[in-house]
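Breakdown of the fold
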Amino acid sequence: MLEHVIELCLPTIISACELMGIFVVAVTALHAFWLYCVGMVTRQPRNIKFYLADGLATSLEFKMAAEILKTVLVRTLNELMVLGAVILLRALLSLLIHIEMKGERQERLSKEQED
C-alpha cells in the first residue's frame, strides 16, 4: 500500500524539484544579465559572476534533491549506476562552483582592503 502511494506521488515531487532548479537558473541568469546591462550603462562594477555562481549552486541543490528522491524508485543495478554517476557529477559541479565563489569572495575582500 505505502509502496504504491510512493510510486504514485514521488514522480510528481521529483518533477517539482527539477522544475524549481530550472526556475532558479532561469531567474538568476536573467537577473544577472540585467545587472550586467545596468553595469554597462552606469559603468559601475557589479559582482555578476558571484551572483550567477550562487544561483547555479542553489539550482544544483534542487537538482540533487530530485536525484536523491529518484534513488527510491531505482529497480536495477544499471539504473543505480547511472543515478550514482549523475549524483557524482552534480556534486562535483556544486563543489567547483563553491570553490569559485570562495575565490571570488576572497578576491573581492582583498580588493576592498587595498582601497
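Described below are features of the structure shown in this document. (Residues numbered from 1 in each chain as written. Predicted model: local features only at pLDDT ≥ 70, side-chain atom pairs only at ≥ 80, totals over all residues. Heavy atoms only, no water.)

We now examine the overall build of the protein chain. For the protein chain, the count of helices and strands is three helices and zero strands. For the protein chain, the succession of helices and strands along the chain, N to C, is α-α-α. Taking 2.2 N^0.38 as the reference for a compact globule, 115 residues should give roughly 13 Å; the C-alpha atoms of the protein chain span a radius of gyration of 19 Å, well beyond that estimate. When each of the 115 residues of the protein chain is scored for burial, the buried share is 23%. Of the contacts formed within the protein chain by residues at least 6 apart in sequence, a portion of 71% connects residues at least 24 apart. Carbon and sulfur atoms make up 70% of the accessible area of the protein chain, which totals about 8,400 Å². When the 11 basic and 13 acidic side-chain charges of the protein chain are each reduced to a single mean position, those positions are 5 Å apart. (Helix = DSSP H or I, 4+ residues; strand = E, 2+ residues; numbered from the N terminus. Rg over C-alpha atoms; globule rule 2.2 N^0.38 Å. Buried < 20%, exposed > 50% of the residue type's maximum accessible area, 1.4 Å probe, protein only. Contact = heavy atoms within 4.5 Å. Areas by Shrake-Rupley, 256 points an atom, 1.4 Å probe, with all protein chains shown as cover. Lys, Arg positive; Asp, Glu negative; His and termini not counted. Charge placed at Lys NZ, Arg CZ, Asp CG, Glu CD.)

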